Amino acid sequence: MPFSDADLERRPARTSAIRALAGWRAAIAFITSVLWPGAGHWIAGRPWRGLALGVPPALALGFLLWQASQLPGWGVTWLLRPSVLRGLMIGNIVLGSYRAVALLDLVRIALAGRSRSCAGKRGPYLVLAALLAGLVAAPHGAVGVLLARWSHFLDTSFPAAAESSIQPLPIDALPAGPRNSTLAPARATSVVPTPSPVSTRTVLLPPVRELPPAQRIASTPRAEASPTVPVLQRAATTIEPVLADGRIVVLLVGTDAGPGRWSARADTIVIVALDVESGRGGLFGVPRNLVGLPIPRELADLYPDGSWPGLANALYTLGLQRAERFPNAVDPGAAALARSLEQLIGMPIDYSVVVDMGGFVRVVDALGGVTIDVPQPVSTWLSPPLPGEDWVYYEIPAGRQHLDGHEALAYARSRTGTSDYDRMQRQRCLLGALWRQADWPTVLFRLPQLLAAVEGAVRTDIPREALPQLVQMALGVRAEAIVTLGFTPPRYVAGWAPGGYPIPDRDRIRDAIEDALAGSGEPEPETRLASSCSWSP
């Protein structure tokens with residue numbers, strides 16, 4: 001049984017060794033009290049006092065863990081609710097204060113014992129208590145700063161529901177009746193498993209810089225927009241109106257905005273759709289060189305024939321130039337593109353997310369890179385995504401590779417020796433790899449880096465009030481239930497415009513999306529997100 005301070009007082013004949021043992025016992029009591037309130041009191045001979053101090057936080061922790069275990073992702077959606085965040089901040093202050101009080105109570109007991117036994121001075125105890133008090137306060141201070149920063153990020157990055165109201169959308173009526181079409185099988189690729197050096201970089205100026213967007217080309221009768229019918233106006237104060245059709249549809253736009261570029265174009269266009277009832281989802285790549293997209297209602301007076309005569313990526317630029325036509329949009333370019341594409345796919349696009357090249361690089365780096373299986377070698381010049389950088393030449397060999405942000409961007413943007421459609425497949429591959437590898441422990445561990453990477457680089461109109469339900473639904477979707485598909489020639493093309501640009505086939509595109517979300521057509525294995533080139537351990 002450990003000695004108490006009262007024992008030393010009753011046994012003055014004890015040797016200095018026993019007194020030294022008591023000193024070590026006090027130090028151990030302090031350290032254990034830092035780890036858990038009340039633990040040090042047991043060592044100091046105050047078991048009932050230690051029990052009274054240690055039981056309340058244990059009960060509170062047990063209750064929180066039990067509650068979290070009942071929710072997807074162990075309650076990670078709590079971190080998206082303002083009221084819960086405020087509660088966590090207050091709870092962090094209360095817990096830190098509680099631990100400090102328990103430690104100070106142990107110091108009082110130790111100092112009282114030293115005074116009675118006259119064994120040693122108070123100075124070492126006070127120094128040790130001050131150091132341990134710092135150990136108690138430091139993590140709570142760090143957690144408080146992180147919670148405050150996270151709350152600020154949510155407030156500044158996601159608008160309030162009233163600020164992101166969804167206006168009336170002129171979309172085509174959904175095709176009626178059963179759909180018998182099947183998804184087009186993706187091109188099979190072989191993977192070379194032999195690892196090799198990731199890349200070689202040469203910092204030089206490229207011989208030719210990228211050209212401005214292609215000039216407008218004449219549309220064909222096949223590309224003309226069909227009559228549209230208005231849908232009921234939705235006020236997105238909560239997520240329930242968005243779920244009226246049982247689906248969540250988000251437009252992801254990656255722009256080529258960067259240092260030295262004259263404008264921003266939609267370099268990557270991906271439609272993410274989730275069917276809530278079936279739990280199935282899809283990543284649908286839209287070629288940026290499509291011609292004859294339906295014109296957004298806000299721009300209908302500029303193009304009376306109802307179709308956009310330029311390329312799809314230039315429609316994003318037009319939206320930026322005509323920002324006054326989209327007064328409530330967080331990103332007018334994304335709004336113009338979304339209002340056009342929802343007429344193409346036959347269902348409303350609920351939200352949009354826009355990221356530039358620099359933001360993509362920073363996010364991948366913040367996650368620690370991304371690991372993929374590279375089917376074929378890729379080499380390309382990469383324009384500077386961040387200020388102060390220059391053009392860099394990358395060579396990414398075949399095999400399993402771990403890419404940093406710049407290498408991943410080079411892999412996603414390369415067109416050297418390949419086509420836009422091959423590039424689209426690589427882009428969906430990277431999205432799938434990031435989805436699989438960015439698990440919640442990784443995200444939470446790297447949260448400070450991710451916040452620094454995302455702030456100012458990502459724009460979205462997803463209202464903050466909708467985040468908890470959206471994340472909860474995303475956590476319930478397995479990678480095996482997500483299809484990745486590109487609307488590329490020849491299957492999804494209705495014709496060709498002058499210059500060899502593809503005109504989308506609306507019926508086939510709508511049927512493919514419907515089959516993917518309803519599960520009525522079993523896609524080929526290569527179109528599965530879980531079996532794409534995205535590697536997972």
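Residues numbered from 1 in each chain as written. Predicted model: local features only at pLDDT ≥ 70, side-chain atom pairs only at ≥ 80, totals over all residues. Heavy atoms only, no water.

A. Spotlight on the packing of helix H9 (residues 357-366) against helix H10 (residues 405-413). Where H9 contacts H10, the axes come no closer than 8 Å and their chain directions differ by 130°. When the axes of H9 and H10 are compared, the pair comes out oblique. Crossing geometry of H9 relative to H10 is assigned as right-handed. Mapping the contact onto sequence places Met 357, Phe 360, Val 361, Val 364 and Asp 365 in H9 and Gly 405, His 406, Ala 408, Leu 409 and Arg 413 in H10. Partitioning the contact of H9 with H10 into residue classes produces 6 nonpolar, 2 polar and 2 charged. (Axes fitted to C-alpha atoms, helices over the stretch in contact; angles between N-to-C directions. Helix = DSSP H or I, 4+ residues; strand = E, 2+ residues; numbered from the N terminus. Parallel < 35°, antiparallel > 145°, perpendicular 65-115°, else oblique. Left-handed = near helix turned anticlockwise from the far one by under 90°. Contact = heavy atoms within 4.5 Å. Nonpolar A, V, L, I, M, F, W, Y, C, P; charged D, E, K, R; others polar.)

B. Summary view of the packing of aromatic side chains. For the coordinates displayed, the defined rule picks out 7 aromatic pairs. Measuring from centroid to centroid gives 6.3 Å for Phe 63 and Trp 66, while their planes differ by 40°, and the two rings are tilted. Residue Phe 63 and its partner Trp 66 are both found in helix H4 (residues 47-69); the two are separated by 3 residues, about one turn of the helix. Residue Trp 66 is classed as partly exposed on the basis of its relative accessible area, which comes to 48%. What links up through ring pairs into an aromatic cluster is the set Trp 150, Phe 153 and Phe 158. The aromatic ring of Tyr 411 is capped on one face by Arg 426, whose charged end is 5.6 Å from the ring centroid. Stacked on the ring of Tyr 492, the Lys or Arg Arg 491 has its end atom at 5.9 Å from the ring centre. (Phe/Tyr/Trp six-rings, centres within 6.5 Å; stacked < 30°, edge-to-face > 60°. Buried < 20%, exposed > 50% of the residue type's maximum accessible area, 1.4 Å probe, protein only. Lys NZ or Arg CZ within 6 Å of the ring centre and 35° of its normal.)

C. Summary view of the packing of H10 against helix H11 (residues 420-437). Two elements in contact, H10 and H11, have axes whose closest approach is 7 Å; the angle formed by their N-to-C orientations is 145°. Contacts between H10 and H11 involve Ala 408, Tyr 411, Ala 412 and Arg 413 from the former and Arg 423, Arg 426, Gln 427 and Leu 430 from the latter. For the contact of H10 with H11, the residue count by class is 4 nonpolar, 1 polar and 3 charged.

D. Region of the structure containing helix H8 (residues 332-345). The end-to-end C-alpha separation of H8 is 20 Å, in line with the 20 Å expected for 14 residues at 1.5 Å each. Counting buried positions along H8 yields 14 of 14 residues, so the element is predominantly enclosed. Count one or two residues on from H8 and you reach Gly 346, which has phi positive near 85°. (Expected span 1.5 Å × (residues − 1).)

E. Representation of the environment of Arg 325 within the structure. Assignment of secondary structure puts Arg 325 in the loop between helix H7 (312-321) and H8. Apart from the residues within four sequence positions on either side, Arg 325 is in contact with Glu 298, Leu 299, Asp 301 and Leu 302. Side-chain polar atoms of Arg 325 contact the backbone oxygen of Glu 298, separated by 3.0 Å. A distance of 2.6 Å separates polar atoms of two side chains, one belonging to Arg 325 and the other to Asp 301. (Polar contact = N/O pair within 3.5 Å; in protein donor to acceptor, adjacent residues only side chain to side chain.)

F. Fine view of unusual backbone geometry. Across the junction of Pro 489 and Pro 490, the peptide omega takes the value 0°, indicating a cis bond. With respect to the secondary-structure elements, Pro 490 resides in the loop between strand S13 (482-486) and strand S14 (493-497).

G. Quick peek at a nonpolar patch on the surface. Together, Ile 31, Leu 35, Trp 36, Leu 61 and Leu 65 line one region of the surface with nonpolar side chains, adding up to about 500 Å² of accessible area. Listed by contribution, the elements that provide at least two residues to the nonpolar patch are helix H2 (16-35) and H4. Topologically, Leu 61 is positioned in helix H4. (Patch = residues over 30% accessible without salt bridge, like charges linked within 9 Å, V, L, I, M, F, W, Y side chains within 5 Å. Areas by Shrake-Rupley, 256 points an atom, 1.4 Å probe, with all protein chains shown as cover. Salt bridge = Lys/Arg side-chain N within 4 Å of Asp/Glu carboxyl O.)

H. Highlighting the nonpolar core. Grouped together as the largest cluster of nonpolar side chains are 41 residues, with contacts concentrated most on Leu 251, Leu 341 and Phe 487. Elements with a contribution of two residues or more to this core: strand S4 (247-255), strand S5 (266-275), H7, H8, S13 and helix H15 (506-518). The biggest single contributor to this core is H8, with 8 residues. Leave out the neighbours within four places in its chain, and Leu 251 touches Ile 269, Val 270, Ile 271, Ala 334, Leu 337, Ala 338, Leu 341, Ile 349, Tyr 351, Ser 352 and Val 353. In terms of nonpolar packing, the next biggest core, distinct from the first, is built from 28 residues, Phe 360, Ala 410, Leu 430 and Val 443 among them. (Core = buried A, V, L, I, M, F, W, Y, C linked by side-chain atoms within 4.5 Å.)

I. Structural view of the sheet that holds strand S7 (residues 351-355). Pairing within the open sheet is mixed, and its 6 strands lie in the order S12-S7-S4-S5-S6-S13. At either end of the open sheet lies a strand with only one pairing partner, and these are strand S12 (458-460) and S13. This sheet shows a mean twist of 15° between the axes of neighbouring strands, independent of strand direction. Across 6 bridges, S5 lies against strand S6 (residues 280-285) in antiparallel orientation. Each residue of the ladder has a partner; that of Ala 273, found in S6, is Gly 282. (Pairing = 2+ DSSP bridges.)

J. Fine view of the pattern of salt bridges. According to the stated counting rule, one finds 12 salt bridges in the structure shown. Across the pair Arg 297 and Glu 298 runs a salt bridge, and its minimum N-O distance is 4.0 Å. Within the structure, one salt-bridge network assembled from shared partners comprises Arg 49, Asp 105 and Arg 108.

K. Up close: the side chain of His 140. Examined against the element boundaries, His 140 turns out to sit in helix H6 (residues 123-157). In this structure His 140 comes out as buried when scored by relative accessible area, which is 13%. A distance of 3.0 Å separates the side chain of His 140 from the side chain of Arg 99, its partner in a polar contact. His 140 has contacts with Asn 92, Leu 95, Gly 96 and Arg 99, leaving out every residue within four places of it along the chain.

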